[in-house]
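# Coordinate analysis (summary)
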Amino acid sequence: MSITMIPYSVNIKLAARTLTGTLNLQNKTAVDWGWQGLIAQGCHSSILIIDPKTSQTIQVLERHKANVVKVKWSRENYHHSLSSPYSLRLASADSAGKIIVWDVVSGTAHCEIQEHSKPIQDMDWLWTQDASRDLLLAIHPPNYIVLWNGDTGTKLWKKSYAENILSFSFDPFDPSNLALLTSEGIVFISDFSHSKPPGSGGKKVYIASPHASPAHTKPVPAALPAPTGAKKALNKVKVLITNEKPTAEAVTLNADCLQLSYLPSKRNHMLLLYPREILILDLELSQTVGVVAIERSGVPFIQVIPCAQRDALFCLHENGCITLRVCRSTTAPDESDPEQSVQELVYDLRSQCDAIRVTKTVRPYRMVICPVNENNAALTVSDGRVMLWELKAHVSKPTVNPSSGVSPLYAPVAFCGSPLGQNQKKIQDLSLNTMIGQSLVSGADPPPPSLQQEVQLKFLLTGLLSGLPLPPFALRMCPPLTTKNINHYQPLLAVGTSNGSVLVYNLTSGLLHKDLSVHSCEVKGIEWVSLTSFLSFATSTPNNAGLVRNELQHVDLPTGRCFAFRGEQGNDEPAIEMMKVSHLKQYLVVVFRDKPLELWDVRTGTLLREMAKNFPTVTALEWSPSHNLKSLKKKQLLAREAMARYTTLSDTEQSSVESSVISLLQDAESKSEGGGQAISAREHFVFTDTDGQVYHITVEGNTVKDGARIPPDGSMGSIACIAWKGDTLVLGDVDGNLNFWDLKARLSRGIPTHRGWVKKIRFAPGKGNQKLLVMYTDGAEVWDTKEVNMVSSLRIGRNVNYRILDIDWCTSDKVVLASEDGCIRVLEMAMKSASYRMDEQDLTDPVWCPYLLLPRAALTLKAFLLLQPWSGTFTMDITQVYVSALNGSHINPLDDMKSVLLDPELNLLQRCLLVSRLFGDESDLQFWTVAAHYLQSFAQARHLSVPVPEGQTPAEGTQATPQGHLDIYHDTLCESFYFQRFQLERVHLQEVKRSSYEHTKKCADQLLLLGQTDRAVQLLLETSADNPSYYCDSLKACLVTTITSSGPSQSTIKLVATNMIANGKLAEGVQLLCLIDKAADACRYLQTYGEWNRAAWLAKVRLNPAESSDVLKRWAEHLCSPQVNQKSKAILVLLSLGCFHKVGEMLQSMRYFDRAALFIEACLKYGVMELIGAAFVDYARLLRTLGLRESAAFWASRAGGAGEQLLEELFQGEGAVPEETEGLENTE
């Protein structure tokens, strides 16, 4: 029988990792949740990458020398392919002005950027990624904005401004708009481009108020019913936005402006956040149209995040409470009179989560929202916690009389943009827009009751990550791995903390294994006595006499049971300085400051010896690794055999057995009581006294013998620590000298390290491993004691910026360091603080993140999930289809989605939308949202035979699409009727809010363009007589009322309008053209003069479908031109016009093969276009390169004649070309 010996170098693979603790104040704003589905968070100079679904830290990036102040995930707003794969890119900026762009999976830097040495104020990636995916804009204090290429680190341009810039916000609807929040106001830049810096200094706007900040208004006299906060704030003061600098007495409101953000849910709106209110501005009017104010007793805001999918705000308050406020629909359905409609935008509180306990050291820092679904929030707390909240919708009973005054909230009954099939499975609470229906606009019909249900929203805490407490720490790794314990070994690290608890971490996963509250004061040291139990000691602060309370506890890990090891003693005695457990874990030495040492038996918990008063003062102590356990065991075995022989002898023979044997047996028996466990082997320890003399003491059972003494070495100072392994003994002193003794050869070698006090020295575990870890006040070193040379070194100020507090080995080649920045790092022996490769990690829970896969694997996975119609059934077992880098673990995290993805009722459009959400693919998600909506509405409009799912009558199958229109965040892609209503309502709101002649004039202009002539005339006639424009406005009012459709007046006005436009008065000319119903000409002029967005707006609100379509098609052509290069936007515009064939051709010409093929397939299903075979062939070729042969064959066979050649290539040598109708292989 052959036994394979396990080599002694067995090593549980521990990944290098960092356990992080509390945050630094500078880390406050350093957190971001990316489209990739992961959260990045700065902690001191490291960056944690957190998977919010499983609440685990999956990577820690270390390269910054200073505190991280900003992190930003790159956007995923482009088509992903093998050449532009799914990859995890993160930009991080620190307080020394350095920006690093990371490849997160490998933990390496793409590039490092440095311009100045002050903290980066703000940075973000550009969201339009058609021209380049790598552009990063950063604010370098005090007043520069710089555009960088984030891949190469090259500077594209730099621009300075007059004031200090605090932060910026990109306009999510127009890439050329950027707003800067400065120390004095706001600067609007309207000519932002990646090719050159903005030309002008931007338009400066100052925020002021005539009296004081709205929050601090005087209380209303008690006689009147006091209005609520928001109303009060509005009545008392109109917040003006002026273009002149405010006068001294007008208090600048900017001093406490915390944040400025464009609203991604509707164009040209912006929010300003103050501690006690949020102002919503309409930028066309530069006027406040809504205020969310906090009651006097309410908790102030810290931060607000506006959503894109619905007009909603996530607000974070100073007590750590997150509230969700949703904009109220402007019409209550029962009000018929439009004049009665809303006076301002109101945001109703719809949900809030629990607050946290705020203390001096614990306060909320920032919240981030999942950008894909907008229904998850993460809150970072200063103590290192990350709380993960999920928003859930509960169907509620319709309220008969809503007493609360807040109208009910409705959720659409649909899934991924299509009506829900009868038996269709759906994912609850997939995203914000599936949980909250669209806000209604006056004049638009509400959806029928069958398509919506009343819901209430609740926050649910679904995950919590906690960090280490504040340093200092005492570290001790459990005993090393051996051949005997290999089956049940766990690499546990015990961390003693300043509040008296001991945290035990499992270093394979990096997760907290146990949190034990052991002591009442700071833990000073820990020693393991087995793989599952340890001793720890703590000392209280000394009293006037210099005495303390000593606590020495024995802790059993599996049960968590603690008991005081020294019993009742410990009060009012000198402090314990150290404790050392012998190698066989038999004995314990406890050393005190001004009191002789104690020697304990660990197994029985008895005090063996308390040394005499004249015992020398101990400065350093170490147990010897040599002992006589083996010879004892041998003796015991012999004794047992003799005993066995002795009991089988006859009485007569017994008497003749020598008495010596009997005494020997009795001696052995007494020693082996307790089942052989209690053999007391002989062990030794050495210690040094204050003069540097080395003492040698032997302990056996309860006898203690004094051995030889070695006189002090003259070259050494006071000895601070000793380490002993094998035949090597090392002494370290307070002056930084190391003395290496070779006990076999009886040689000693002193080496000065010139690094000051040697705090600790520890030998590495593992047979024959003679590496030594040394800790100094300013860092650490690893020495090889065989060669007596230094292997690696770590020094504060040179290669790290933190002090080392404690050290230990965790395996034979990895060390663990506790540092002053509150982190504990597991490092390679070279002690280079390194990020780790994520693919080498051993995660406790599998993580769903396609971005972690190799580029090919991610695309294969996507193709696999998107469409598997080559077999009659859908499968989630990827190994049946494709065997390679992918395996079940990449799909397992999708368990909750499996049933939905396998559901035969899930149609192609829903599948594409769902997969783009799963992949966090911004560009895919936008495309499929618009495509799904317009495909369904055009198919329906043509009354074509929509394929009806089984078990449904055609009437049900062809009912209206669940949302009658796209939501307004799609802006000019929305249906015209809805867009028009929205704009009318907006002007109505602006009119209510106007506070100056300027505002009135703008409103009148808008009304004229919208065709609301009567209302416009009323506004024009309001101009007061002392206004210089009085005469002009009066004449204009006369003109508007008298316009008739007679030929001459029309031609005159047209002539005047064209002259005005030619002479640079574009807006006025366009107005005149709109008066005589020549809006189509007006749009053409606007386009000629480069006002493309304005032209699209006008076409949407004034033109009939045919004319409007012409204008928008011209716009799409313009967007495709090389100098504009926004093809992705052009495709969306064409989708909204129903030019599906053109979209199919464009997608193919742009080499978006997967999107093209799936889109054409969807169009064929809805019968709105005919086949483009070449696109299918291209997709089939792509699938073949990904290794999905069956899939490739399916698409090639769908391509008609074009695919025949490819089919032949695919099936060479496999006999006949299969029939398209047969499933190529039934994968069940």
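What counts, and at which threshold
Residues numbered from 1 in each chain as written. Predicted model: local features only at pLDDT ≥ 70, side-chain atom pairs only at ≥ 80, totals over all residues. Heavy atoms only, no water. Helix = DSSP H or I, 4+ residues; strand = E, 2+ residues; numbered from the N terminus. Buried < 20%, exposed > 50% of the residue type's maximum accessible area, 1.4 Å probe, protein only. Contact = heavy atoms within 4.5 Å. Areas by Shrake-Rupley, 256 points an atom, 1.4 Å probe, with all protein chains shown as cover. Pairing = 2+ DSSP bridges. Axes fitted to C-alpha atoms, helices over the stretch in contact; angles between N-to-C directions. Salt bridge = Lys/Arg side-chain N within 4 Å of Asp/Glu carboxyl O. Core = buried A, V, L, I, M, F, W, Y, C linked by side-chain atoms within 4.5 Å. Phe/Tyr/Trp six-rings, centres within 6.5 Å; stacked < 30°, edge-to-face > 60°. Lys NZ or Arg CZ within 6 Å of the ring centre and 35° of its normal.

### Some thoughts on the overall build of the protein
Each helix and strand in the protein was counted, giving 27 helices and 61 strands. A total of 1228 residues make up the protein; the buried ones form 54% of that total. By sequence separation, contacts in the protein at least 24 residues apart represent 56% of the contacts at least 6 residues apart. Surface accessibility of the protein: about 52900 Å² in total, with carbon and sulfur atoms responsible for 52%.

### A short note on the sheet that holds strand E54 (residues 747-752)
The antiparallel open sheet is built from 4 strands, whose spatial order is E51-E52-E53-E54. Both edges of this open sheet fall to strand E51 (719-725) and E54, since each of them pairs with a single strand only. Ignoring strand direction, the axes of neighbouring strands in this sheet form an average angle of 15°. With 5 bridges connecting them, strand E52 (residues 728-733) and strand E53 (residues 737-742) associate as antiparallel partners. Its bridge partner lying in E53, Thr 728 is registered against Asp 742.

### Here we look at the pattern of salt bridges
The final tally for this structure, using the stated rule, is 49 salt bridges. For Asp 924, the salt bridge goes to Lys 862, with nearest N and O atoms at 2.7 Å. With a gap of 62 residues between them, Asp 924 in helix H11 (residues 922-941) and Lys 862 in helix H6 (residues 855-866) connect regions that are remote in the sequence. One salt bridge connects Arg 1184 with Glu 1209, and the closest N-O pair in it is separated by 3.2 Å. Here Glu 1209 lies in helix H27 (residues 1204-1210) and Arg 1184 lies in helix H25 (residues 1173-1186), a separation of 25 residues in the sequence. Classification of Arg 1184 as partly exposed rests on a relative accessible area of 32%.

### Comments concerning the sheet that holds strand E9 (residues 108-114)
Reading across from one edge, E6-E7-E8-E9 is the order of the 4 strands in this open sheet, with antiparallel pairing throughout. Two strands in the sheet have a free side with no partner beyond their single neighbour: strand E6 (68-73) and E9. Adjacent strand axes in the sheet meet at a mean angle of 20° when their direction is disregarded. In the sheet, E6 pairs with strand E7 (residues 89-94) via 5 bridges, with the strands oriented antiparallel. Counted as the bridge partner of Lys 70 is Ala 93 from E7.

### Comments concerning unusual backbone geometry
Residue Pro 142 follows Pro 141 across a cis peptide bond; omega there is 0°. Residue position: Pro 142 is located in the loop between strand E11 (135-140) and strand E12 (144-149). Cis geometry is adopted by the peptide bond preceding Pro 472, which originates at Pro 471 and carries an omega value of 5°. When you line up the elements, Pro 472 lands in the loop between strand E34 (452-465) and strand E35 (474-477). Positive phi is not limited to glycine here, since His 44 has a value of about 55°. One non-glycine residue, Asp 572, lies in the positive phi region at around 50°. Considering the arrangement of structural elements, one finds Asp 572 in the loop between strand E42 (561-564) and strand E43 (576-581).

### Describing the nonpolar core
In terms of nonpolar packing, the biggest core is built from 167 residues, with Ile 49, Leu 90, Leu 1098 and Phe 1159 touching the most fellow members. With 9 residues, H11 is the largest single contributor of residues to this core. Not counting the four nearest positions on each side in its chain, Phe 1159 is found in contact with Phe 927, Trp 928, Ala 931, Leu 935, Leu 1135, Phe 1140, Val 1143, Gly 1144 and Leu 1147. Leu 14, Val 495, Val 523 and Ile 824 belong to the second-largest nonpolar core, a separate cluster that totals 31 residues.

### Regarding the packing of aromatic side chains
In the structure shown here, the tally under the stated rule is 23 aromatic pairs. When the ring of Phe 168 is compared with that of Phe 170, the centres are 5.4 Å apart and the planes differ by 70°; the resulting orientation is edge-to-face. Take Phe 168 and Phe 170: they sit in the same class, and that class is buried. An aromatic cluster of at least three residues, connected via ring pairs, comprises Tyr 587, Phe 615, Trp 623, Phe 685, Phe 687 and Tyr 695. The lysine or arginine in question, Arg 133, covers the ring of Tyr 78, its NZ or CZ lying 4.6 Å from the ring centre. When the ring centre of Phe 592 is taken as origin, the NZ or CZ atom of Lys 595, which lies over that ring, is 4.4 Å away.

Such coordinate-based values are descriptive only and should not be taken to indicate function.
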